[in-house]
Amino acid sequence: MTTVAIVPAAGSGSRLGRRRPKQFLSVGRAPLVVRTLRVLAGVREVGGIVVAAPPEAVGATRRLLERFRVPRIVAVVPGGRERQESVWLALQVVPASTSLVVVHDAVRPFITGSLVRRVIGAARRHGAASCGVPVVETVKQVHDGKVEATVEREGLWLVQTPQAFHRSLLWEAHEKARSGGFVGTDDAVLVERLGIPVRMVPGLPENFKITTPADLARARTFAARGRR
Ligand code: C5P
């Protein structure tokens, strides 16, 4: 097994205002996390998947994945307080023989196998890769409802997952971040801090992160239209 996927799914989903974390809400006939995992499990290069679940829901997550017969699950581990901590905890059980780790948010169910493969391919060649989409709207810095600055959008990208890294590089990046007390919102930034370039691959507009009730409604519309 040379490529393993880590799926951080340990968020509380508080921004969605539901009691159940968003990754366990249903979109169509399957919970969000199941949809996401099925895509990853369908990628030939992905030999196994480690899921980080909310600590109190590890058993329930294992049972859920069994009930929906999600293949290639290597382990379900308790996640941490931050996404970064959840990825780090999942990384602990990734076999040392793994050469590449691909990290993908549970709450982005509309990835495609070909996007995962493109990111994996770029990471194999360059060590670290992310996907994202260029910013097309005007960007302003706003404070207390007032515009403070207009940011030059040239060269700005909105970052998505999957991101992929040589396992040893991701390990080192997390270790350095931890020892420096740095907490980032993705894994690529931890590698960037080492001074190592991260390759950017074009992502997909439908690979949005389900964060708000409006996102959930959009996801359900997508799913109902047969996007999966
Ligand atoms: O919070 P955010 O929307 O950035 O979460 C992105 C992904 O990270 C989600 O799939 C969420 O479940 C996961 N996460 C996690 N552990 C946390 C916080 C978020 O695994 N403590």
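The notes below deal with the structure included here. (Residues numbered from 1 in each chain as written. Predicted model: local features only at pLDDT ≥ 70, side-chain atom pairs only at ≥ 80, totals over all residues. Heavy atoms only, no water.)

Observations regarding the overall build of the protein
So, step 1. Within the protein one finds 7 helices and 11 strands.
So, step 2. The C-alpha radius of gyration of the protein comes to 17 Å, within 12% of the 17 Å expected for a compact globule of 228 residues.
So, step 3. Across its three principal axes, the protein shows a C-alpha extent of roughly 50 × 40 × 30 Å.
So, step 4. When burial is assessed residue by residue, the protein has 50% of its 228 residues classed as buried.
So, step 5. Residue pairs at least 24 apart in sequence account for 73% of intrachain contacts in the protein once pairs closer than 6 positions are excluded.
So, step 6. If you sum the accessible surface of the protein, you get close to 11,500 Å²; carbon and sulfur atoms cover 51% of it.
So, step 7. The average position of the 35 basic charges and that of the 18 acidic charges among the side chains of the protein differ by 10 Å. (Helix = DSSP H or I, 4+ residues; strand = E, 2+ residues; numbered from the N terminus. Rg over C-alpha atoms; globule rule 2.2 N^0.38 Å. Buried < 20%, exposed > 50% of the residue type's maximum accessible area, 1.4 Å probe, protein only. Contact = heavy atoms within 4.5 Å. Areas by Shrake-Rupley, 256 points an atom, 1.4 Å probe, with all protein chains shown as cover. Lys, Arg positive; Asp, Glu negative; His and termini not counted. Charge placed at Lys NZ, Arg CZ, Asp CG, Glu CD.)

Some thoughts on the layout of surface pockets
To find the voids left in a structure, one rolls a probe of water-molecule size over its atoms.
So, step 1. Volume-wise, the second largest pocket comes out at about 180 Å³.
So, step 2. Contributing to the lining of the second largest pocket are R108, V133, L158, V159, Q160, P205, F208 and R218.
So, step 3. Counted by class, the lining of the second largest pocket contains 5 nonpolar, 1 polar and 2 charged residues. (1 Å grid on protein atoms, 1.4 Å probe; cavity = no way out; pocket = protein on both sides within 12 Å on 5 of 7 lines; lining within 4 Å. Points joined across faces, edges and corners; volume = space filled by probe spheres on them. Nonpolar A, V, L, I, M, F, W, Y, C, P; charged D, E, K, R; others polar.)

Description of the side chain of S130
So, step 1. By the secondary structure assignment, S130 is in strand 7 (residues 128-134).
So, step 2. If sequence neighbours within four positions are ignored, S130 has contacts with V159, Q160, P162, Q163, V198, R199, M200 and V201.

Quick look at the pairing of strand 6 (residues 100-103)
So, step 1. A two-sided burial pattern is seen for strand 6, the buried positions comprising L100 and V102 on one face and V101 and V103 on the other.
So, step 2. Where strand 1 (residues 3-8) meets strand 6, 4 bridges bridge the pair, whose relative direction is parallel. Of the residues in strand 6, the one forming a bridge with T3 is L100.
So, step 3. Note that strand 6 and strand 10 (residues 157-166) share 4 bridges and pair antiparallel. Opposite V102, over in strand 10, you have A164 as the bridge partner. (Pairing = 2+ DSSP bridges.)

Comments concerning the site of the ligand
So, step 1. Taken together, 16 residues lie near the ligand, and P8, A10, G11, G80 and S86 sit nearest.
So, step 2. At 2.8 Å from an oxygen atom of the ligand is found a main-chain nitrogen or oxygen belonging to A10.
So, step 3. Here K209 contributes a side-chain N or O atom positioned 3.0 Å from an oxygen atom of the ligand.
So, step 4. Starting from 460 Å² of accessible surface for the ligand in isolation, the protein chains cover 86%. (Near = heavy atom within 4 Å. Polar contact = N/O pair within 3.5 Å; in protein donor to acceptor, adjacent residues only side chain to side chain.)

Quick notes on the sheet that holds strand 6
Strands in a sheet are paired, the pairing made by backbone hydrogen bonds, and the direction either parallel or antiparallel.
So, step 1. Ordered by their spatial adjacency, 7 strands build an open sheet running 5-4-1-6-10-7-11, and the pairing between neighbours is mixed. Each edge of the sheet is formed by a strand with only one pairing partner; in this case those strands are strand 5 (73-78) and strand 11 (199-202). The average undirected angle you get between the axes of adjacent strands in this sheet is 25°.
So, step 2. The strands touched by helix 4 (residues 113-126) within the sheet are strand 1, strand 6, strand 7, strand 10 and strand 11, with strand 10 carrying the most contacts at an inclination of about 60°. (Axes fitted to C-alpha atoms, helices over the stretch in contact; angles between N-to-C directions.)

A closer look at the environment of C131
So, step 1. Along the chain, the position of C131 falls in strand 7.
So, step 2. Judged by its relative accessible area of 0%, C131 falls in the buried class.
So, step 3. Remark: the alpha-carbon pair of C131 and V191, spanning 60 residues in sequence, is separated by 15 Å.
So, step 4. Ignoring sequence-local partners within four residues, the contact set of C131 consists of L115, V119, V159, Q160, T161, P162, M200, V201, P202, G203 and N207.

Focus on the nonpolar core
So, step 1. Ranked by size, the top nonpolar core spans 37 residues in total, and within it V33, V34, L37 and I49 carry the most contacts.
So, step 2. The set of elements that each furnish at least two residues to this core consists of strand 1, helix 1 (32-41), strand 4 (48-53), helix 2 (58-67), strand 6, helix 4 and strand 7.
So, step 3. Those residues in contact with L37 that sit more than four places away from it in its chain are V7, I49, V51, L65, V70 and I73.
So, step 4. Grouped together as the second largest cluster of nonpolar side chains are 22 residues, V50, V101, A173 and L190 included. (Core = buried A, V, L, I, M, F, W, Y, C linked by side-chain atoms within 4.5 Å.)

Details of helix 2
So, step 1. Listed as buried for helix 2 are V58, T61, L64 and L65. Here the buried residues of helix 2 occupy an arc of 120° about the axis, which is enough to place them on one side. Pointing more than 90 degrees away from the buried face of helix 2 are the exposed residues R63, E66 and R67.
So, step 2. Those residues of helix 2 hidden inside the fold are in contact with strand 3 (30-31), helix 1, strand 4 and strand 5.
So, step 3. One or two positions beyond helix 2, positive phi appears at R69, with a value near 50°. (Arc of directions from axis to C-beta.)

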